[in-house]
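An overview of the molecular structure
The lines below spell out each chain.
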Amino acid sequence: MAVDKASRPAISIIVPIYNVEEYLEWCLDSLVAQTFANIEIVCVNDGSTDASRDIALRYAQRDPRVVLIDKVNGGLSSARNAGIYAATAPLVCFVDSDDRMTLDACEKIVAAFEKSNADVVTFGAHCYPESAGEPWLAERLSPRDVEYDGFAPDLLFKEMSLPYAWRTACKRDFLVDNNLFFREDVAFGEDQIFHFALYPRAQKTVLMSNKLYDYRIAREGSLMYRFARDTASVAAEHVNIVEHIFTDWAAGGFLRQYPAEMLIWSHDFALIWIAEQDDPLRSKLLSNLRNVWLTYFSEKEILALKLPWATKRMIKAALLHPESFKGLRGKVLRHSYGLQQEGFREEFGKLRWAINHKRVKKD
């Protein structure tokens, strides 16, 4: 059915819903009370078995801006994609159904698009409750005010722009025209894949320091909560995410433009997690990550890249000497990375000297 342009909403808020009856009203109350009223709230009921659908239906019956869509359970990515297809506004954003937006969020987001004509706008967020947030997370959710015309690797690797999809709004046509939907075959980390696909393809990206969202820190029973307590699953999924992103970047022509940045990122994102695992999982994941790298680069190309010193040691070990991650040598590799991050290369030299002189107790 054709959309009446005069009554067309300015922004569609996509809310995937699955068994969140305890939190859903808190979420939807923040949306219907937005200071910017010309919105559409697309509630996608992903096969809930609790009272979530009934709650969403009540809101839809009271407020014509709330649209309820029912679908068979398919997961968060599937629900978000259904919302993108159903959205009628030129802009879309995402809200997890146990979180909420600040009351002026849509007003600020729409204004940013109108001012910049960007394809993508990424904003800041608060941890909820604030006391439960870690300092690193608060920093990650605090972008600066900056605009990127086209793409530069700093947008991904230096800015506070990752990973959560709910902190990013997009032009709907930009998503559809570039086939930028969420991967439904990924159990964890779909937001990371989404952003790595978005940013290199956007003609303009705006980062906003405004904190327009309250992010509930991993509620018990959520997917994030379960994964956070299973480092083996996290390590395996991180390798899977790296493979998806490398494949997409190769197809888009980005991977060969930024080989060092991508190797450093895949080291920090996946190899560090792998190194903490025990065999046989560690050996299997090392092999998987190595295969991803060697699908797109030769050993010679990788080893010739200019990389941070400890990062290069670990990547070289993963490529040529995976047995180096066992026992004491593995501890030294991991410790060297920590020292690199703190800028303590001299201290690492002292540690190596102590090991060579048997002053560090072996396993």
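Before reading further, recall that the structure is shown in the block above.
Now for a look at the structure at hand. Remember, predicted model here, so these are calculated numbers, not experimental data. (Residues numbered from 1 in each chain as written. Predicted model: local features only at pLDDT ≥ 70, side-chain atom pairs only at ≥ 80, totals over all residues. Heavy atoms only, no water.)

This brings us to the overall build of the protein. The helix and strand tally for the protein stands at 16 helices and nine strands. Across the 363 residues that make up the protein, the buried fraction comes to 51%. For the protein, the proportion of contacts with a sequence separation of at least 24, taken over those separated by at least 6, is 78%. (Helix = DSSP H or I, 4+ residues; strand = E, 2+ residues; numbered from the N terminus. Buried < 20%, exposed > 50% of the residue type's maximum accessible area, 1.4 Å probe, protein only. Contact = heavy atoms within 4.5 Å.)

Moving on, we get to the pairing of strand E1 (residues 11–17). Counting buried positions along E1 gives seven out of seven residues, so the element sits mostly inside the fold. Side chains Ile11, Ile13, Val15 and Ile17 of E1 all project onto a buried face; the interleaved residues Ser12, Ile14 and Pro16 project onto the opposite face, where all are buried too. Sheet topology note: the E1/strand E2 (residues 39–46) ladder contains seven bridges and is parallel. When the bridges of E2 are listed, Val15 appears paired with Cys43. Between the parallel elements E1 and E2, the chain passes through helix H1 (residues 24–32) in a crossover that is right-handed. Of the pairings in the sheet, the one linking E1 to strand E4 (residues 91–94) comprises four bridges and is parallel in character. Bridge pairing in E4 links Ile13 to Cys93. (Pairing = 2+ DSSP bridges. Right-handed = clockwise from strand over helix to strand, strands pointing away.)

Moving on, we come to the nonpolar core. Across soluble globular proteins, you tend to see nonpolar side chains buried next to one another. One finds Leu175, Phe246, Trp249, Leu271 and Trp293 to be the most contacted residues of the largest nonpolar core, which totals 67 residues. Those residues within four positions of Phe246 in sequence are excluded, and the remaining contacts are Leu255, Met262, Trp265, Ser266, Val292, Trp293, Tyr296 and Phe297. Judged by nonpolar contacts, the second largest core, of 42 residues, contains Ile41, Ala105, Leu141 and Ala169. (Core = buried A, V, L, I, M, F, W, Y, C linked by side-chain atoms within 4.5 Å.)

Attention shifts here to the packing of helix H11 (residues 259–275) against helix H14 (residues 309–320). Running from N to C, H11 and H14 cross one another at 65 degrees; their axes reach a closest spacing of 10 Å. With respect to H14, the element H11 is oriented roughly perpendicular. Pair H11 / H14 crosses with left-handed handedness. For the pair formed by H11 and H14, the contact residues are Leu263, Ile264, His267, Asp268, Leu271, Ile272 and Ala275 on the first element and Thr311, Met314, Ile315 and Ala318 on the second. Split by residue class, the contact of H11 with H14 holds eight nonpolar, two polar and one charged. (Axes fitted to C-alpha atoms, helices over the stretch in contact; angles between N-to-C directions. Parallel < 35°, antiparallel > 145°, perpendicular 65-115°, else oblique. Left-handed = near helix turned anticlockwise from the far one by under 90°. Nonpolar A, V, L, I, M, F, W, Y, C, P; charged D, E, K, R; others polar.)

Take helix H4 (residues 105–116) next. Here H4 contains 12 residues, and its C-alpha end-to-end distance of 17 Å stays within 8% of the 16 Å for a straight helix at 1.5 Å per residue. Residues of H4 that are buried include every one of Ala105, Cys106, Ile109, Val110, Ala112, Phe113 and Ser116, and no others. In a view along the axis of H4, the buried residues occupy a sector of 155 degrees, so they form one face of it. Away from its buried face by more than 90 degrees, H4 exposes Glu114 and Lys115. The first or second residue beyond H4 is Asn117, which carries a positive phi of 55 degrees. (Expected span 1.5 Å × (residues − 1). Arc of directions from axis to C-beta.)

Turning next to the state of the cysteines. The tally for this structure, following the rule as stated, stands at zero disulfides. In this model Cys27 remains outside any disulfide bridge; the closest cysteine sulfur is found in Cys43, 7.6 Å from its own. Free of any disulfide, Cys170 has its nearest cysteine sulfur in Cys93, 9.4 Å distant. A relative accessible area of 0% means that Cys170 is categorised as buried. (Disulfide = S-S within 2.5 Å.)

Take the packing of aromatic side chains next. The description of an aromatic ring pair rests on the distance of the ring centres and on the angle between the ring planes. All chains considered together, the criterion is met by 18 aromatic pairs. Summarising the aromatic geometry, the rings of Tyr164 and Trp166 are spaced 4.8 Å apart at their centres and angled 10 degrees between planes, so their arrangement reads as stacked. Since its relative accessible area comes to 1%, Trp166 is described here as buried. Ring centres 4.0 Å apart and planes at 20 degrees place the aromatic pair Phe182 and Phe194 in the stacked group. In this pair, Phe182 is assigned in the loop between helix H7 (172–177) and helix H8 (190–201) and Phe194 in helix H8, connecting sequence segments 12 residues apart. We classify Phe182 as buried; its relative accessible area is 3%. Members of the aromatic cluster, joined through ring pairs, are Phe151, Phe157, Phe196, Trp249, Phe254, Tyr258, Trp265 and Phe269. One cation-aromatic arrangement involves Arg80 over Phe182; the distance from NZ or CZ to the ring centre is 4.9 Å. Here the guanidinium or amino end of Arg216 rests over the ring plane of Trp26, the centre of that ring lying 4.5 Å away. (Phe/Tyr/Trp six-rings, centres within 6.5 Å; stacked < 30°, edge-to-face > 60°. Lys NZ or Arg CZ within 6 Å of the ring centre and 35° of its normal.)

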